[in-house]
Each structure stands twice: as structure tokens, then as C-alpha cells.
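Chain by chain, the residues run as shown.
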Amino acid sequence: MRISELVLSLGLEVAQGGYADREISTGYSSDLLSDVMANAKADGVLVTVQAHKNAVAVASLVGLAAIVVCNSRPLPDDMVEAARNEGVAVFRSSETAFEVSGRLWALLHRP
Amino acid sequence: MSAMSPLPISPETGPQVVLELIYRLKVRDAMSSPVITAATGDSMREVQYRMRDNGITGVPIVEGGRLVGLVSMGLVIEALDAGRIEQRAGELMTRTVISLEDDMPLAFATTYFNRYKYGRFPVLDRDGRLVGIVSASDIIRALLVAMNAEVERLEEKLSASASDRPADGLVRLGFQVTRFDFENAGKASAEIKKALKGLGVEADIVRRAAVASYELELNQVIHSEGGSISCVAGAGRIELAAEDRGPGIPDVEAAMTEGFSTANEWIRSLGFGAGMGLPNAKRVSDDFAIDSGPGRGTRVRVVINY
């Protein structure tokens with residue numbers, strides 16, 4: 001599944017669409033940035049409620065492909081700008097992290 | 001919402017003196033207190049009078065000491081327009097209120113003003129009680145007072161500093177880290193990552209170095225009075241050194257235990273303070289040494305071989 005396919009499949013709002021479209025291998029759900037640093041895999045999707053630019057910094061450092069911010073949390077302009085500079089896709093969902101993670105898991109594991 | 005031009009101060013690119021100022025000053029140093037508030041049962045008319053009588057443009061709505069909403073001048077005007085001025089504030093207020101904490105550095109407040117374009121932010125204490133309100137003019141006043149003092153101090157001791165760096169084939173990088181500067185947090189690590197990639201170091205090693213430097217950098221932002229991160233890389237070896245100006249770690253063994261954290265609530269709300277920083281840094285290191293104690297700074301040295 002490619003980053004761009006997430007938008008339709010999960011009904012996401014595109015907050016930062018300046019990214020190189022590529023395959024997503026996995027996802028990681030966490031709001032603790034050290035936990036993301038330690039455990040998230042490259043080319044994965046971060047499902048989180050942390051809507052600030054430090055989440056982008058962590059995503060970029062570990063090579064994550066996209067961030068999905070849940071619960072319709074407002075996205076600060078500087079977060080979107082940081083993501084644009086780093087080429088990290090940022091999406092927003094009105095669903096909870098639990099719902100987004102569940103649906104993402106099903107999408108990535110469908111036969 | 002009020003259309004407002006951004007505060008012409010940047011927590012990222014300003015002069016060092018100004019940066020130190022906005023991270024040293026707390027929101028409580030600038031906020032107005034006590035706050036003029038209204039209850040959910042008060043009418044919009046009542047709120048309008050309170051604005052007029054006090055010369056303010058926003059009134060937090062409070063229930064039992066807790067902030068539950070906010071009525072801005074804009075909402076009052078809308079209510080007047082729609083003939084709903086006798087309606088209760090609780091029905092027409094904005095419920096999604098973005099607030100600041102009194103303990104946050106002033107830099108957070110300046111960033112919030114530029115980020116959210118609201119005219120004012122309610123200020124809560126660590127227990128969630130409404131303790132103040134801060135407007136852009138409150139911030140400008142507090143900054144001017146502090147800058148005047150700072151300029152006086154600088155005029156008294158104008159000193160010059162010089163630095164030179166020898167070149168011996170190794171890549172050397174050095175970064176200053178400022179307490180609570182979450183705006184620039186991660187920049188040192190990003191630069192180190194870029195430099196290592198430039199050296200042609202393989203991706204997995206780069207990631208390990210990025211994890212270690214990010215954790216050490218964030219530890220300085222969160223816990224220290226400020227410090228520095230340096231990186232020397234080349235010839236199969238990456239050495240990271242983090243050195244700060246205190247206050248030092250009372251129990252290093254506890255700090256090295258996963259889950260142990262002394263971070264406060266608002267730092268945790270940003271996703272930090274998981275108690276994984278030092279253990280993460282150690283895990284990705286081939287060689288890890290830490291030296292710290294109360295009353296002196298903390299020094300951490302990380303070596304990753306490739």
C-alpha cells in the first residue's frame with residue numbers, strides 16, 4: 001500500500017501533501033516520542049495525537065513515511081511547515097488512534 | 001478570533017540573548033491576574049458589559065474554578081447581530097479553548113500567538129485552575145522590561161569571543177542547547193544525521209546515532225540548565241558528547257531505568273518524559289558513559305563504531 005492510498009482508504013484529510021509517494025510497510029501507534037524513536041520502523045506510518053513539530057522531527061529521524069494525527073487535533077502551522085521541509089506526509093483523522101490503527105492494520109494485512 | 005499580525009519575535013532565529021530571555025521568562029511573569037471571568041449562566045449582555053467596564057476583548061467562562069470556554073469580542077458582536085445577546089454565555093461560548101500553563105517558558109506563548117492567531121490565551125496552573133490570562137500586549141510589555149534590563153547588562157560588559165577549529169579529516173559538529181527550547185529540539189540531531197549520511201555511513205548506523213543524539217539533546221532541553229552536544233565522526237567511529245550546566249542527576253542508576261522520569265505534566269503532554277531517553281541512548285551505543293551528580297552538570301559520552 002502506498003502513502004497516497006491511505007487518504008481514500010482511511011478517509012483522511014491531507015494536511016501536508018508534499019511527499020514522495022512510496023510503499024508503506026508498517027505502522028506504529030504512540031504518543032511518546034522516545035517510544036517512537038526506539039520502536040517505530042522506517043517507511044511506517046505514525047498514528048498519534050501529538051500535533052506539534054517535535055513529532056515531525058522524530059518521524060524524520062527514524063525515516064517514517066507519514067503521520068496521522070487523530071481526533072481532529074488542530075495542526076499548528078509550524079508543524080505542517082516542518083513536515084513540508086522534511087517531506088513527511090501529514091494527515092488528519094476525525095477518528096481515535098484506536099480506530100485508525102485498527103483500520104490501518106487491516107489494510108496492511110489484507111490478503 | 002482576531003486578525004492579528006504575528007509577534008515579530010522568533011524562538012528559532014532570534015539573537016541568543018533574546019532566545020535566552022524568552023526561555024527564562026515564564027508565562028506567569030507576563031500574564032494578567034486575577035482574571036475577569038463570567039459563569040456559563042451569565043448572559044452575553046453581561047459578558048459584553050464586563051468587557052466594556054474592564055477594557056478587555058475576551059472573557060474566560062468558568063465553572064467551579066475550571067475553564068470551560070471563552071467568549072471573545074467577536075462572539076459578542078455575532079450575538080448582537082443575531083439578536084442573541086440575552087442568551088447565556090454557556091450556549092454561545094467557544095468550547096475549544098487553547099490554554100497555556102503558568103510554568104511554560106514565554107517562548108511558548110509567543111509561538112502560540114503566531115500559531116493560532118487568537119488575541120489571548122487563558123493560563124492554567126499545574127492543577128488545571130485558571131490563574132491568569134495573557135494577551136500579546138502583556139507579552140510585549142514583559143519582554144520590553146526584560147530586554148531593557150538585558151541591554152543594560154550587556155552594555156556593562158561587552159566581551160568578544162573567538163573560536164577556531166582545527167581540521168584533521170574528521171567531521172566535527174557542535175551545538176548549543178537551550179533549556180525548554182522545544183522549537184529547536186532535534187536540530188542538532190538532524191544536522192548530525194545529515195553529516196553522517198554525507199560521510200556515507202550506512203542507514204542503520206545513522207539511525208542509531210540519530211536516536212542517541214536526539215535523546216541526549218532532548219534531555220538537555222527538558223532537564224538541564226542548557227548545554228552542548230558535539231559529534232566527532234570518521235574513520236569508523238562516531239563519538240557523541242553531551243555536556244550540560246546542571247543541575248545534575250541525583251540518582252544516575254534510577255535515571256538509567258526505563259520508565260523513570262522526573263518530567264512535569266506539560267512536558268509529558270508534548271510526548272516527552274517517558275523515562276526512555278537514557279536507556280534508549282545506551283541501547284544504541286557500543287560504548288556509553290555517564291557522569292553526573294547533584295550540583296554539577298551531566299556528561300554523557302556515546303561511541304558507535306561502524
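Anything mentioned here points back to the structure above.
Residues numbered from 1 in each chain as written. Chains lettered and ligands numbered in written order. Predicted model: local features only at pLDDT ≥ 70, side-chain atom pairs only at ≥ 80, totals over all residues. Heavy atoms only, no water.

K.L.:
Any chance you could explain helix α3 (residues 53-62) of chain A here in plain terms?
P.N.:
With 10 of 10 residues buried, α3 of chain A lies mostly within the body of the structure. Taken as a whole, α3 of chain A has its buried residues at Lys53, Asn54, Ala55, Val56, Ala57, Val58, Ala59, Ser60, Leu61 and Val62 of chain A. Against the buried residues of α3 of chain A lie α2 (33-39), β4 (66-69) and α4 (77-86) of chain A together with α8 (187-198) and α9 (203-223) of chain B. Phi turns positive one or two residues past the end of α3 of chain A, at Gly63 of chain A, with a value near 80°. (Buried < 20%, exposed > 50% of the residue type's maximum accessible area, 1.4 Å probe, protein only. Helix = DSSP H or I, 4+ residues; strand = E, 2+ residues; numbered from the N terminus. Contact = heavy atoms within 4.5 Å.)

K.L.:
Quick question: what am I supposed to make of the pattern of salt bridges here?
P.N.:
Pairing between side chains of opposite charge can happen when their charged atoms approach one another. Taken as a whole and assessed by the stated rule, the structure comprises 28 salt bridges over all chains. In this structure, Lys26 of chain B and Asp103 of chain B form a salt bridge, with 3.8 Å as the shortest nitrogen-oxygen distance. With Lys26 of chain B in the loop between α1 (16-24) and α2 (27-30) and Asp103 of chain B in the loop between β3 (100-101) and α6 (106-116), this pair connects stretches of sequence that are 77 residues apart. Here Asp103 of chain B falls in the partly exposed class, since its relative accessible area comes to 22%. Taken together, the shared-partner salt bridges in this structure form one network comprising Lys53 and Asp78 of chain A together with Arg115 and Glu183 of chain B. (Salt bridge = Lys/Arg side-chain N within 4 Å of Asp/Glu carboxyl O.)

K.L.:
Looking at this structure, how should I read the sheet that holds strand β4 (residues 120-124) of chain B?
P.N.:
Sheet strands line up and pair through hydrogen bonds in the backbone, either parallel or antiparallel. All names here are of chain B. Read across the open sheet, the three strands follow the order β3-β4-β5; overall the sheet is mixed. The two strands at the open ends of the sheet, each matched to only one other strand, are β3 and β5 (130-135). Bridging between β3 and β4 involves two bridges; their strand directions are parallel. What sits directly across from Leu100, in β4, is Val123. (Pairing = 2+ DSSP bridges.)

K.L.:
So what exactly am I meant to see when it comes to the side chain of Asp244 of chain B here?
P.N.:
Residue and element names in this part refer to chain B. In this structure, Asp244 sits in strand β8 (residues 237-244). Although Asp244 is buried, it makes no salt bridge; Arg245 carries the closest opposite charge, 7.9 Å away. Here Gly246 takes part through its backbone nitrogen, which lies 2.9 Å from a polar atom of the side chain of Asp244. In terms of polar contacts, Asp244 uses its side chain to reach the backbone amide nitrogen of Thr298, at 2.9 Å. Setting aside residues up to four positions removed in sequence, Asp244 forms contacts with Gln220, Ser224, Gly226, Gly227, Gly297 and Thr298. (Lys, Arg positive; Asp, Glu negative; His and termini not counted. Polar contact = N/O pair within 3.5 Å; in protein donor to acceptor, adjacent residues only side chain to side chain.)

K.L.:
Got a minute to help me understand the interface of chain B and chain A in this structure?
P.N.:
Size of an interface: often given as the accessible area lost when the parts come together. With 26 residues of chain B at the contact, the number on the chain A side is 23 residues. With both chains or domains summed, chain B and chain A bury close to 1,900 Å², and 52% of this area falls on carbon and sulfur atoms. Broken down residue by residue, the surface that chain B buries against chain A is led by Arg115, Arg207 and Tyr214 of chain B, which jointly contribute 30%. There are two salt bridges connecting chain B and chain A. As a salt-bridge pair, Glu183 of chain B and Lys53 of chain A come within 3.4 Å of each other at their nearest N and O atoms. Linking chain B to chain A there are 12 residue pairs in polar contact (both at pLDDT 80 or more). Within the residue set of the side of chain B that touches chain A, elements represented by two or more residues are α6, α8, α9, α11 (265-269) and α12 (277-283) of chain B. In terms of residue count, α9 of chain B provides more of the side of chain B that touches chain A than any other element does, five residues in total. A per-class count over the side of chain B that touches chain A returns 11 nonpolar, six polar and nine charged. (Buried area = accessible area lost by both parts, 1.4 Å probe. Nonpolar A, V, L, I, M, F, W, Y, C, P; charged D, E, K, R; others polar.)

K.L.:
I keep staring at the packing of aromatic side chains and nothing clicks. Help me out?
P.N.:
Aromatic ring pairs are reported here in terms of the distance separating the ring centres and the angle at which the planes meet. Residues and elements named next belong to chain B. For the structure shown, the criterion picks out 12 aromatic pairs over all chains. Centre to centre, the rings of Tyr112 and Tyr116 are 5.4 Å apart; their planes meet at 70°, and the pair counts as edge-to-face. One end of the pair, Tyr112, and the other, Tyr116, are both in helix α6, four residues apart, so they sit about a helical turn from each other. Accessibility classification places Tyr112 together with Tyr116 in one group, the buried group. Consider the rings of Phe182 and Phe272, whose centres lie 5.3 Å apart with planes at 25°: the pair is stacked. Placement of the pair is Phe182 in the loop between β6 (171-177) and α8 and Phe272 in the loop between α11 and α12, with a sequence separation of 90 residues. (Phe/Tyr/Trp six-rings, centres within 6.5 Å; stacked < 30°, edge-to-face > 60°.)

K.L.:
How should I be thinking about the packing of α6 of chain B against helix α7 (residues 136-156) of chain B in this particular structure?
P.N.:
Two numbers describe a pair of packed helices, the interaxial angle and the distance between the axes. Residue and element names in this part refer to chain B. Between α6 and α7, the least distance of the axes is 11 Å, while the angle of their chain directions is 140°. Judged on the interaxial angle alone, α7 and α6 are oblique. Judged by the twist between their axes, the crossing of α6 over α7 is left-handed. Within the contact between the two elements, α6 uses Leu106, Ala109, Thr110 and Phe113 and α7 uses Ala136, Ile139 and Leu143. Class assignment for the residues of the contact of α6 with α7 results in six nonpolar, one polar and no charged. (Axes fitted to C-alpha atoms, helices over the stretch in contact; angles between N-to-C directions. Parallel < 35°, antiparallel > 145°, perpendicular 65-115°, else oblique. Left-handed = near helix turned anticlockwise from the far one by under 90°.)

K.L.:
I keep staring at the nonpolar core and nothing clicks. Help me out?
P.N.:
Side chains of nonpolar character tend, in soluble globular proteins, to be buried together. Residues and elements named next belong to chain B. Grouped together as the largest cluster of nonpolar side chains are 92 residues, with contacts concentrated most on Leu100, Phe182, Tyr214, Ile238 and Phe272. For this core, the element with the highest residue contribution is α9, accounting for 11 residues. Those residues in contact with Ile238 that lie beyond four places of it in its chain are Leu196, Ile205, Ala209, Cys231, Val232, Ala233, Val302, Val303, Ile304 and Tyr306. (Core = buried A, V, L, I, M, F, W, Y, C linked by side-chain atoms within 4.5 Å.)

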